[in-house]
Amino acid sequence: MTDPTVPPTPPVHLQALLAREDLGLRRIAGPDDPGTVIRWAHASEMADPYPYLLGGELLLSAGVHIPEGAGPGYFDAYVSRIVAAGGAALGFGVAPVHEAVPKALVEACEMHGLPLLEVPPRTTFSAVARAVWQLMAQARLAELRRVTEAQQSLAAAATRPDPLRPVLRRLAQRLNGWAALYAPDTTELAASGPPPPPTAHHALTNLTQALRPSDPTTPAAGSPPPAAVGSPPAAAAGSRAAAAAGSRAAAAAGSRAAAAAGSRAAGAARVGAAAPGKHRQATPTPGEHRQAPPTPTSASDTVDGTHLAAYALGTGHGFVLAVATPHRTPGDHTIASVAAALLTLLTGQLQSSTATARSSALVRLLLGTPPPDVAPLLGAERWHMVHARPDGQAPPDPLAAAALGTALGSALVDPAGETVRVLVPADHPVEPLPGWTLGVSTAVAPEDWPAADTQAARALARARATRTRLLRHGDRPALADLVPPHDADAHARSLLAPIAATPALTDTLRTWLSLHGSWDRTAVALSVHRNTVRQRIARCAALLDADLDDPDVRMELWFALRRT
């Protein structure tokens, strides 16, 4: 739950306020920390402002509360109460009450580490408060613009043919860090951006373990302590109670030492008041059923100055988005959450009835059931076999193959070497896809899948040779259908016997004939030199003792090759 004491606006860096020349503010004590931020501007002349502060304020005072002849003890108590309440800085207005900032106040702020600003007489407290809210509005507008641009960029990346890596790349660029996708088995599937240091990288890998369901009695190996992830409501309540007790102790002592003790008390509440260095293990009472704690959806940590965050993708899928950034800026969590939502849609495979049927079909095949008897479980009577090759020289990786299956509407994907094979139901239209060259078979029944595989392979070879994005195998009735299959097969074996023992010659002749005798396109389809094609065709002509320039010979050979 959002802390109601934190405003829904980004904090303002104290340096940005000091840079406003119209205010003329000057730091005269306290640390010069560029990371100091303020969340409010509040004017108070109370001698004890502690009960009225929420934390993160720039407290403004003209010193009306300072009694005459106040010594160092008064200022020490005053500043310590501001620090105990979480005040970010103190602004002291010069004139009309005091002509200068009291020296004892400067020393107290220096001792307690509280930035002290001198507000000149010409600057009103209202002007300071207005400047704070103006800077907050500017920061909020910049944050909203940054988040909106990141959302548009991530959405555009998600529409790419292989979207997972583009989304990670855009996320890393927007966060100026490193983004990675972890598989359910904790392997790193893909990553983008400059990798974090080894220590932070190892801690981030361990952080992803906290987002995976584990046995209720055994914490995940290397998982972060419970303080790093979302806590159950009871634990959170105990944490707030302990923190409040620590704050009261700090106020009583007048120093930050007791506040640290309160933080330690809050940490003890989060881990169940375990002894130092030991993890508390809850022991169920007799007859009590131990339930697994709820799995958090996100976790964060900071290691060696590197900010780490992990986001579970979906419910129970096991994929995790991990992010490492050198700096944490407003809007980072929102941008990462958008990327996590997109990646959930891209990686999520719900265990639906269709997925269950596929699993059942696989088990039956492994147990020896014939494919035609298993095919009805897959939900379609007729299928297209699609062979696909990606653009470029690199073979397709599992992520690209999965994205291809998603685009074609099928989860039956086989990334076999340089070619991806996909079984697509006949009622799903197969259209050209950017970045891929496709060969599509005719629609066949499951018992004809091997023949469809051959058709798709040949169609892909022709598509690549002719530089066509998609080529379908023809399914028109042919003259060959008039010949009884047994006689046609016997004739094909007899005619091609001289070259049947050399697959390279058979494949080259088939491709050359399908491309109308083009040497160049045949060389492209077979990935060989054109002179190699010429030598093989000449060898076929010699072994077959046939004139391959004769169209009747070519027709007869094509008839025979289609039967093999």
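Residues numbered from 1 in each chain as written. Predicted model: local features only at pLDDT ≥ 70, side-chain atom pairs only at ≥ 80, totals over all residues. Heavy atoms only, no water.

(A) A look at the nonpolar core. Among the nonpolar cores identified, the biggest contains 28 residues, and L154, L171 and L321 are the most heavily contacted of them. Of all the secondary structure elements, the ones that give two or more residues to this core are helix 4 (125-158), helix 5 (164-175), strand 8 (178-182), strand 11 (306-312), strand 12 (320-325) and helix 9 (332-347). With seven residues, the top contributor of residues to this core is helix 9. Counting residues in hydrophobic clusters, the runner-up holds 22 residues, among them L53, A84, F92 and V101. (Core = buried A, V, L, I, M, F, W, Y, C linked by side-chain atoms within 4.5 Å. Buried < 20%, exposed > 50% of the residue type's maximum accessible area, 1.4 Å probe, protein only. Helix = DSSP H or I, 4+ residues; strand = E, 2+ residues; numbered from the N terminus.)

(B) The arrangement of the packing of aromatic side chains in detail. Counted by the stated rule, this structure contains three aromatic pairs. For the ring pair Y74 and F75, a centre distance of 5.6 Å and an interplane angle of 90 degrees mean the geometry is edge-to-face. On the accessibility criterion, Y74 (22% relative accessible area) is partly exposed. With centroids separated by 5.5 Å and ring planes inclined at 35 degrees, the aromatic side chains of W512 and W519 adopt a geometry described as tilted. Among the residues examined, W512 registers a relative accessible area of 3% and is labelled buried. Above the face of the Y50 ring, R81 is positioned so that its terminal group lies 4.3 Å from the ring centre. (Phe/Tyr/Trp six-rings, centres within 6.5 Å; stacked < 30°, edge-to-face > 60°. Lys NZ or Arg CZ within 6 Å of the ring centre and 35° of its normal.)

(C) Spatial organisation of the packing of helix 13 (residues 449-465) against helix 16 (residues 519-526). Interaxial distance between helix 13 and helix 16 falls to 8 Å at its minimum, and their mutual angle equals 125 degrees. Compared by their axis directions, helix 13 and helix 16 come out oblique. Helix-helix and strand crossings are classified by hand; for helix 13 and helix 16 the assignment is right-handed. Listed contacts from helix 16 to A461, R464 and A465 of helix 13 are R521, V524 and A525. Across the contact of helix 13 with helix 16, the residue classes break down as four nonpolar, no polar and two charged. (Axes fitted to C-alpha atoms, helices over the stretch in contact; angles between N-to-C directions. Parallel < 35°, antiparallel > 145°, perpendicular 65-115°, else oblique. Left-handed = near helix turned anticlockwise from the far one by under 90°. Contact = heavy atoms within 4.5 Å. Nonpolar A, V, L, I, M, F, W, Y, C, P; charged D, E, K, R; others polar.)

(D) Molecular detail of the sheet that holds strand 4 (residues 40-43). Strand order across the open sheet formed by five strands is 2-7-6-5-4, with mixed pairing between neighbours. At either margin of the open sheet sits one strand with a lone partner, and together these are strand 2 (26-29) and strand 4. When the angles between neighbouring strand axes are averaged without regard to direction, this sheet yields 30 degrees. One ladder, built from four bridges, connects strand 5 (residues 57-61) with strand 6 (residues 89-93); its direction is parallel. Within strand 6, the residue paired with L59 across the bridge is L90. Contacting strand 2, strand 6 and strand 7 (116-119), helix 3 (residues 103-112) crosses the sheet at an angle of about 80 degrees to strand 2. (Pairing = 2+ DSSP bridges.)

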